[in-house]
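# Structural overview
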Amino acid sequence: MAQSPMSMTSGEVSIAVVRARTVRAAERGRRGAKAALWILPIVVFIILIGLWYLAALYYDKVVQLSFLVPYPHQVLAVVFFPKAGLSPSFSSQLLDGLLNSTEVALTGLAVAIVIGVVWAVLMSQAKWIERSLYPYAVILQCLPILALAPLIGSLFGFNFLSRVIVTVMISLFPLVANTLFGLQSVDRAQRELFQLQGAGRWTTLTKLQVPAALPSIFIGLRTAAGLSVIGAIVGDQFFQRGTPGLGVLIQVATLRLNGPGAYAAILTACLLGVAAFLLFGWLGRLAVGKWYDFS
Amino acid sequence: MLPVSTTAPAPTTTTTAGTLLDFTDVAMQFPNGTIALQHVDLTVNRGEFVTVVGPSGCGKSTLLRIASGLEVASEGSAEVDTNRIGYVFQDATLLPWRTVEDNVELLAELSGVKKSTRQAKAREAIDLVGLAGFEKNLPKQLSGGMRMRTSLARSLTLDPELFLFDEPFGALDEITRERLNDELLRLFVEKQFAGLFITHSVSEAVYLSTKVIVMSGRPGTIVGTFDVPFPMPRDPEIRFTAEFAQLVGEVSHALREGHH
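Residues numbered from 1 in each chain as written. Chains lettered and ligands numbered in written order. Predicted model: local features only at pLDDT ≥ 70, side-chain atom pairs only at ≥ 80, totals over all residues.

## As for the overall build of chain A
The secondary structure content of chain A amounts to 10 helices and 0 strands. The N-to-C order of helical and strand elements in chain A reads α-α-α-α-α-α-α-α-α-α. Classification of the 295 residues of chain A by burial places 32% in the buried group. Of the contacts formed within chain A by residues at least 6 apart in sequence, a portion of 74% connects residues at least 24 apart. (Helix = DSSP H or I, 4+ residues; strand = E, 2+ residues; numbered from the N terminus. Buried ≥ 20, exposed ≤ 12 C-beta atoms within 10 Å, placed from the backbone. Contact = placed C-beta atoms within 7 Å.)

## What to know about the sheet that holds strand β6 (residues 162-166) of chain B
Residue and element names in this part refer to chain B. The strand order across the open sheet formed by 6 strands is β5-β6-β7-β3-β8-β9, and the pairing between neighbours is mixed. Taken across any chain shown, the strands that pair with only one partner, and hence form the sheet edges, are β5 (85-88) and β9 (222-227). The average angle at which neighbouring strand axes cross in this sheet is 15 degrees, direction not considered. Strands in contact with helix α4 (residues 144-156) are β5 and β6; relative to β5, the strand with the most contacts, it is inclined by about 165 degrees. (Pairing = 2+ DSSP bridges. Axes fitted to C-alpha atoms, helices over the stretch in contact; angles between N-to-C directions.)

## Here we look at the nonpolar core
Core analysis: the biggest nonpolar cluster contains 68 residues, and L162, L164, L196, V206 and V251 of chain B have the highest contact counts within it. Of the domains in this structure, domain 1 (19-79 + 160-167 + 181-250 + 255-259) and domain 2 (85-158) of chain B are the two that each give at least three residues to this core. Within the second largest apolar cluster, 57 residues are counted, among which are L94, L180, A264 and A276 of chain A. (Core = buried A, V, L, I, M, F, W, Y, C linked by C-beta atoms within 7 Å. Domains from an automatic or database assignment.)

## A word on helix α9 (residues 246-255) of chain A
Residue and element names in this part refer to chain A. Of all the residues in α9, the buried ones are L246, G247, V248, L249, I250 and A253. Along its buried surface, α9 packs onto α3 (90-125), α8 (201-238) and α10 (259-288). Phi turns positive, to about 55 degrees, at L257, one or two residues after α9.

## Considerations on the environment of V114 of chain A
Residues and elements named next belong to chain A. Residue placement: V114 occurs in helix α3. Judged by the 12 C-beta atoms lying within 10 Å of it, V114 is exposed. Sequence separation of V114 and L175 is 61 residues, and the distance between their C-alpha atoms is 9.4 Å.

## Remarks on the interface of chain B and chain A
At the junction of the two partners, chain B supplies 13 residues and chain A supplies 13 residues. Considered class by class, the residues forming the side of chain B that touches chain A number 8 nonpolar, 3 polar and 2 charged. (Nonpolar A, V, L, I, M, F, W, Y, C, P; charged D, E, K, R; others polar.)

## Regarding the packing of helix α6 (residues 160-183) of chain A against α8 of chain A
Residues and elements named next belong to chain A. Taken N-terminus to C-terminus, the directions of α6 and α8 make an angle of 160 degrees; their axes are 7 Å apart at the nearest point. Overall, the two elements α6 and α8 adopt an arrangement that is roughly antiparallel. α8 is crossed by α6, and the crossing has right-handed handedness. (Parallel < 35°, antiparallel > 145°, perpendicular 65-115°, else oblique. Left-handed = near helix turned anticlockwise from the far one by under 90°.)

## Some points on the sheet that holds strand β4 (residues 75-80) of chain B
All names here are of chain B. If you trace the 3 strands from one edge of the open sheet to the other, you get β2-β1-β4, paired in antiparallel fashion. Edge strands, defined here as strands with exactly one partner in the open sheet, are β2 (35-45) and β4. In this sheet, neighbouring strand axes are inclined to one another by 15 degrees on average, regardless of whether the strands run parallel or antiparallel. Strand direction decides the pairing type here: strand β1 (residues 19-29) and β2, joined by 7 bridges, are antiparallel.

## Describing the domain arrangement of chain B
Residue and element names in this part refer to chain B. Domain annotation of chain B identifies domain 1 (19-79 + 160-167 + 181-250 + 255-259) and domain 2 (85-158). Taking the mean C-alpha position of each, domain 1 and domain 2 sit 25 Å from one another. Facing the 10 residues of domain 1 at the interface are 11 residues of domain 2. A total of 5 residues in the side of domain 1 that touches domain 2 trace back to one element, the largest contributor, which is β6. Taken together, the residues of the side of domain 1 that touches domain 2 break down into 6 nonpolar, 1 polar and 3 charged.

Structure follows, in structure tokens:
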């Protein structure tokens, strides 16, 4: 303990010491919390990979069907160190599939955004429109798309168009529901404020309702983005014509008992969904983060 | 000194040039059967600041809604002789995505006032309510009192002749509320609008007004009218005088009588 400065009484010194200790403890606490924020997710990740290795070991040594659960390093190897002689290499097939699925997902998502926002805006205009149109959004959400997919193929062809249609059907509901919720979230007094100035429907929509709805629209978009990737993969499973996406790759790899390949394609599809989710989350924060706590 | 009318309002005369709001035997029944108001006679003249006190749910706010045209009285006549009406809601009702200045510009913008004019108006109003320097702030960066100032500034851009206030300071702490009462009185003297103010605070009512109206519980009827004799501009110290306390007592008494 350093000698106390002359100007301090012993009481002041002890207060200062206590304060310094408290500050140090608080700093330690903060650093601890910060570290936990980084370390724990990594620990969880390592545990999951460990469990995967255990499962792979079981299927390899006990069940002796190692392609059902390949080792994680085999999955990495099939992507980054493709076997020579295979043409085109698996990793280039994977990249092509990824690009094609991304194209389908984004196209479907774009169409879903337009339909979803227009649908919700219409419903926000009058209670009777909402009551007439909302049930179909719910019905759409409940349609067994998997069972319907072959029919969609027969109707619209087994290629790009049908893939996009399936994608739109899967990702539309969160957009409709969230946009409508957002448009209706405007409180009564704010609406009356506009009414008192004689603002019409269009002005109220563009200057009040749509800006107020943006946070929910982005939340819907984030969910829909993840779903659109699922839509693109599902579409692939049924529509084999046209340029193949990740779904086709998953199917082919599975049929050939290429475990590592199938897992690699599935994980790639997952990562595409996660990327879409993050991208739209980021766009949302960019658009409304200033005034809305978008997390 | 600004010329301020201190004449006591004549008891319900016919509409004169100075009358901005004239309610005669107004009643309000909602579609669900609730009777919010009954037999309400009320006038607000130029130079008057009329405050309505009453228990919550007595239909005070309905008076304002009728005056502003948001509701139509189911009986009686409700005449308002100006279209420059300011309306301040219970909440600040700011648009959270707009900065202070953009919020203040909103009403003029909705009325189609051109950009340069409304910007000048907004700047002036922001100065008037003491928010200079906060133009670029978003509502979430402001305190409750500052948000209410922004809301006041927004209505001031309309140059209201009749200013309607629906318990605007009810959610604020005592100190902020008193400060805003003083600011409001300053604006009243400076801008010479007529005010119709709703509150459930008796001392706020007496301090702000030239006339206090007491309403009974549902269905709301007027059970007492008090002229406030203190001159404008008002000295904040009057709140601690015996006359002030006595008037507050009388109003409170009437309020209790009417609230069975």
